[in-house]
Amino acid sequence: MTDVDLTTNVAGVTLPNPVMTASGCAASGRELDQFFDVAELGAFVTKSIMLQPRSGRPTPRMAETPSGMLNSIGLQGPGIEAFLANDLPWLVARGARAVVSIAGSTVGEYVELARRVGACDGVAAVEVNISCPNVENRGLVFACDPAQAATVTAEVRREVPADVPVLAKLSPDVTDIVAVAESVMSAGATGLSMINTLLGMAIDPDTLRPVLGGVTGGLSGPGIRPVAVRCVWQVHAAMPEVPIIGVGGIRTGADALEFLLAGASAVQVGTVTFHDPSAPMRVVSELADELARRGYGKPAEVVGLAHQRSGDAS
Ligand code: DHB
């Protein structure tokens, strides 16, 4: 077996490996740290933080679906003040590379969040959640409109120090994800996280009512992986130089490899952590094995490789 060096550069930041948590699946790291040292991850992506504390949407907020999970959490969280006082300092002191996810309901809120997060030491990157499905008004899903997505991205970019990457998290619920990707990259994003959850819903045949208190919710888990791989593939084909972090239904090292082959240079592991909290670190070692078995020495050697094996580059 080849010796594999998992060191990865993503959007100009050097990480010990290409595996991160996915935003929203492990709060700010304390819970997962009971299962493994969060500093051993490539990076830890925090639950999207908003300006004010929020209690979220009505319960029930989660529902199982075949090969997936629906959630309508509604961006529950402590607000930026408490996050910066308690959560981020813990993560940074722990030695983790902290990627801070921010979510606003107006451009001004994103600006304020970016300014405050950008002023903190130890932030490895800012992930801009412009694609949360659980907002009252679909018109506020900035990632569904290339022009609005660009406006938010440009404003956030202005507030964050130049050496801190800005990653735009895109929604698959669009007709043309390449158009949104091009728009946010032109607006100054350093890279892309793809994909956020898909908007879904479930109805209980016994109660004859929607299962989720919020009616609709975000669909995640293995069922969405082919959609995520397709999005990464399309954007990498259009813009091969753009750093992409692949996310959507990754459970194993082989799943992570699939995203690298499609064109991602790093991956995020999310929903699987709810039933296997050790999964992110397991994916790290499984990915090393998958690369070694095939004779590769580092992840960068396989990024986008499937495009070279395909007759169709689109
Ligand atoms: C939330 C839920 C999601 O599925 C998501 O992708 C982002 C945010 C939430 O409701 O908090």
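Residues numbered from 1 in each chain as written. Predicted model: local features only at pLDDT ≥ 70, side-chain atom pairs only at ≥ 80, totals over all residues. Heavy atoms only, no water.

A. View of the overall build of the protein. Regarding its fold elements, the protein presents eight helices and 16 strands. Scaling as 2.2 N^0.38, a compact globule of 314 residues should have a C-alpha radius of gyration of about 20 Å, and the protein matches this with 18 Å. If one aligns the C-alpha atoms of the protein with their principal axes, the spans along those axes are about 50 × 50 × 40 Å. When each of the 314 residues of the protein is scored for burial, the buried share is 55%. For the protein, long-range pairs separated by at least 24 residues make up 71% of all intrachain contacts whose partners lie at least 6 apart in sequence. For the protein, the accessible area works out to roughly 12600 Å², and carbon and sulfur atoms hold 52% of it. Side-chain charges in the protein split into 22 positive and 32 negative, and the spacing between the mean points of these groups amounts to 2 Å. (Helix = DSSP H or I, 4+ residues; strand = E, 2+ residues; numbered from the N terminus. Rg over C-alpha atoms; globule rule 2.2 N^0.38 Å. Buried < 20%, exposed > 50% of the residue type's maximum accessible area, 1.4 Å probe, protein only. Contact = heavy atoms within 4.5 Å. Areas by Shrake-Rupley, 256 points an atom, 1.4 Å probe, with all protein chains shown as cover. Lys, Arg positive; Asp, Glu negative; His and termini not counted. Charge placed at Lys NZ, Arg CZ, Asp CG, Glu CD.)

B. Up close: the site of the ligand. The immediate surroundings of the ligand are formed by Lys47, Asn71, Ile73, Gly74, Leu75, Asn129, Cys132, Pro133, Asn134, Asn196, Thr197 and Gly218. One of the backbone N or O atoms of Ile73 is found 3.5 Å from an oxygen atom in the ligand. At 2.9 Å from an oxygen atom of the ligand is found a side-chain nitrogen or oxygen belonging to Thr197. For the ligand, whose accessible area on its own is 290 Å², the fraction buried by protein is 91%. When the residues that make up the shell around the ligand are grouped by side-chain class, the tally is four nonpolar, seven polar and one charged. (Near = heavy atom within 4 Å. Polar contact = N/O pair within 3.5 Å; in protein donor to acceptor, adjacent residues only side chain to side chain. Nonpolar A, V, L, I, M, F, W, Y, C, P; charged D, E, K, R; others polar.)

C. Looking closely at the pattern of salt bridges. For the structure shown, the criterion picks out 13 salt bridges. For Arg94, the salt bridge identified is with Asp37, shortest N-O distance 3.9 Å. Here Arg94 is found in the loop between helix H1 (79–93) and strand S7 (98–102), whereas its partner Asp37 is found in the loop between strand S3 (19–21) and strand S4 (44–45), with 57 residues between them in sequence. Looking at Asp37, the relative accessible area reads 27%, which means it is partly exposed. The partner of Arg116 in a salt bridge is Glu81, and the shortest N-O contact between them spans 3.3 Å. One end of the pair, Arg116, is in helix H2 (residues 107–118); the other, Glu81, is in helix H1, and 35 residues separate them in sequence. Sharing partners across several salt bridges, the network here consists of Glu81, Glu112, Arg115 and Arg116. (Salt bridge = Lys/Arg side-chain N within 4 Å of Asp/Glu carboxyl O.)

D. Structural detail: the sheet that holds strand S5 (residues 62–65). Reading across the sheet, the four strands line up as S5-S6-S14-S11 and stay open at both edges, with antiparallel pairing between neighbours. Two strands in the sheet have a free side with no partner beyond their single neighbour: S5 and strand S11 (198–201). For this sheet, the mean angle separating the axes of adjacent strands, direction not counted, is 40°. Sheet topology note: the S11/strand S14 (residues 216–220) ladder contains four bridges and is antiparallel. When the sheet's bridge partners are listed, Gly200 is paired in S14 with Gly217. (Pairing = 2+ DSSP bridges. Axes fitted to C-alpha atoms, helices over the stretch in contact; angles between N-to-C directions.)

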